[in-house]
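Examination of the molecular architecture
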Amino acid sequence: MKTKKIPLRMCTGCGEMFDKRTLVRVVKNKDGEVSLDLTGKKSGRGAYVCKNLDCLKAARKKRAFERAFSMKISEEVYNEMEEEMNNA
């Protein structure tokens, strides 16, 4: 029997490859709103980050999400994402 391929994604904070289900997806919808997608099912362009708050801060410092989504992301959005990760 064939073994099923495990989808891997790269964390935008630390740059390591992980199983897709262990990461948190950050999504930009067609209206240009950026938010966390804890379910992984929202429609839109996605980027992945570890569930570790340090990786989110590293991605923020490197402007990784801004490059992935080709747009400027406000500080308020980053603060909301940090709060959601703390609560999740």
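Calculation criteria
Residues numbered from 1 in each chain as written. Predicted model: local features only at pLDDT ≥ 70, side-chain atom pairs only at ≥ 80, totals over all residues. Heavy atoms only, no water. Disulfide = S-S within 2.5 Å. Buried < 20%, exposed > 50% of the residue type's maximum accessible area, 1.4 Å probe, protein only. Patch = residues over 30% accessible without salt bridge, like charges linked within 9 Å, V, L, I, M, F, W, Y side chains within 5 Å. Areas by Shrake-Rupley, 256 points an atom, 1.4 Å probe, with all protein chains shown as cover. Salt bridge = Lys/Arg side-chain N within 4 Å of Asp/Glu carboxyl O. Lys, Arg positive; Asp, Glu negative; His and termini not counted. Charge placed at Lys NZ, Arg CZ, Asp CG, Glu CD. Helix = DSSP H or I, 4+ residues; strand = E, 2+ residues; numbered from the N terminus. Axes fitted to C-alpha atoms, helices over the stretch in contact; angles between N-to-C directions. Parallel < 35°, antiparallel > 145°, perpendicular 65-115°, else oblique. Contact = heavy atoms within 4.5 Å. Pairing = 2+ DSSP bridges. Phe/Tyr/Trp six-rings, centres within 6.5 Å; stacked < 30°, edge-to-face > 60°.

Re the state of the cysteines
Tallied over the entire structure, the rule returns zero disulfides. Between Cys14, a free cysteine, and Cys11, which holds the nearest cysteine sulfur, the sulfur-to-sulfur gap is 3.7 Å. The exposure class of Cys14 is partly exposed, given its relative accessible area of 35%.

Some words on a negative patch on the surface
Side chains of Glu76, Glu80, Glu83 and Glu84 sit close together on the surface and give a patch of like negative charge. By the element assignment, Glu80 lies in helix α3 (residues 75–87). What makes Glu80 partly exposed here is its relative accessible area of 47%.

Regarding the packing of helix α1 (residues 53–62) against α3
Where α1 meets α3, the axes come as close as 10 Å, and the angle between the chain directions of the two elements is 170 degrees. In terms of orientation, α1 lies roughly antiparallel with respect to α3. In this structure, α1 uses Leu53, Leu56, Lys57 and Arg60 to contact α3, whose residues at the interface are Glu75, Tyr78, Asn79, Met81, Glu82, Met85 and Asn86.

Regarding the pairing of strand β3 (residues 24–28)
A large share of β3 lies buried, amounting to four of its five residues. Sheet topology note: the β3/strand β5 (residues 45–49) ladder contains five bridges and is antiparallel. The residue bridging Val27 from the neighbouring strand is Gly46, located in β5. Summarising the sheet, β3 and strand β4 (residues 34–37) pair through four bridges and their orientation is antiparallel. The residue of β4 that forms the bridge with Val27 is Ser35. Linking two consecutive strands that pair antiparallel, namely β3 and β4, is a turn of five residues; a positive phi of about 90 degrees is found at Gly32 within it.

Re the sheet that holds β4
The three strands are arranged β4-β3-β5 in an open sheet whose pairing can be described as antiparallel. Strands with a single pairing partner mark the edges of an open sheet, and in this sheet they are β4 and β5. Sheet twist, expressed as the average angle between the axes of neighbouring strands with direction ignored, equals 30 degrees.

Quick look at the packing of aromatic side chains
How two aromatic rings sit relative to each other is set out by the distance from centre to centre and by the angle between their planes. Scanning the entire structure with this criterion turns up one aromatic pair. Ring centres 6.4 Å apart and planes at 15 degrees place the aromatic pair Phe65 and Phe69 in the stacked group. Note that Phe65 and Phe69 are positioned in helix α2 (residues 64–69) at a spacing of four residues, about one turn of the helix. Of the two residues, Phe65 and Phe69, neither departs from the other in class, the shared state being buried.

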